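Understanding the architecture of this molecule
So you can see what is in the structure, the chains are spelled out below.
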Amino acid sequence: MTRQSCNATSTAARDRSLDLTSGVMAGARVLTMQGYRPIEDLAAGDKIITRTGMCVLRSVTVTEYTCRPYRIAHNALGKDRANAVTFVVPGQRVLLRDWRAKYLFGHEMVIVPVDRLKDDEYITQVPTPRACQVFNLHFEQEQIFYIDGVEIVSPQFEPQAHVRNEPFAA
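A brief report on the enclosed structure follows. (Residues numbered from 1 in each chain as written. Predicted model: local features only at pLDDT ≥ 70, side-chain atom pairs only at ≥ 80, totals over all residues. Heavy atoms only, no water.)

As enumerated under the stated definition, the model contains two aromatic pairs in all. The interplanar angle of 55° and the centroid separation of 6.4 Å between the aromatic rings of Trp99 and Tyr103 together place this pair among those described as tilted. Within this pair, Trp99 and its partner Tyr103 are both found in helix α1 (residues 99–105), separated by four residues, close to a single helical turn. Of the two residues, Trp99 and Tyr103, neither departs from the other in class, the shared state being exposed. Here Phe139 and Phe145 contribute two aromatic rings whose centre-to-centre distance is 5.7 Å and whose plane-to-plane angle is 50°, an arrangement assigned as tilted. The exposure classification of Phe139 matches that of Phe145, with both residues buried. Note that Arg29 overlies the ring of Tyr36, its terminal NZ or CZ placed 5.1 Å from the centroid. In this structure, Arg130 is placed above the aromatic ring of Phe87, and the distance from its NZ or CZ to the ring centre is 4.8 Å. (Phe/Tyr/Trp six-rings, centres within 6.5 Å; stacked < 30°, edge-to-face > 60°. Helix = DSSP H or I, 4+ residues; strand = E, 2+ residues; numbered from the N terminus. Buried < 20%, exposed > 50% of the residue type's maximum accessible area, 1.4 Å probe, protein only. Lys NZ or Arg CZ within 6 Å of the ring centre and 35° of its normal.)

Where strand β3 (residues 29–32) and strand β4 (residues 35–38) come together, four bridges link them in antiparallel fashion. Counterpart to Thr32 in the pairing with β4 is Gly35. With antiparallel pairing between neighbouring strands as the criterion, β3 and β4 make up a hairpin whose turn holds two residues. (Pairing = 2+ DSSP bridges.)

This paragraph deals with a nonpolar patch on the surface. A surface patch of nonpolar side chains, amounting to about 430 Å² of accessible area, comprises Trp99, Tyr103 and Leu104. Among the structural elements, Leu104 can be located in helix α1. (Patch = residues over 30% accessible without salt bridge, like charges linked within 9 Å, V, L, I, M, F, W, Y side chains within 5 Å. Areas by Shrake-Rupley, 256 points an atom, 1.4 Å probe, with all protein chains shown as cover. Salt bridge = Lys/Arg side-chain N within 4 Å of Asp/Glu carboxyl O.)

In structure tokens form, the structure reads like this:
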């Protein structure tokens, strides 16, 4: 596991704050071949359930940030999506595949940064900055995996549309 420290509110870290396009806070549970496990307990070699099947986890990075994460409430993205309150970094991309995808973006499924889904009721931003342990899971290829029922896009999945912070039709 690789660990880094960064205060995303400091001048020196402003460029590093661009890295906040992916990451999940400590306390999240990841769907593995053994069921849901705390993200803090994962290591290279663990078998993670993804939308394409089982994938071997290549590495886990943990970075310390001071940031204002987004809170995804229970059932915010559909039944049991999330199946528990989940915290992610502002730019974390999620797979949206319910009526919101069609209504908001014109597609049956889209990959969109969570901050584009903020509604101040079910998906909210924490009001004050706080110290966060941000975890990223790395796979050999781009993957969509499950954090407490939310379909999360791994850091490797970077289609050109996401670079522009626009939704990407899945």
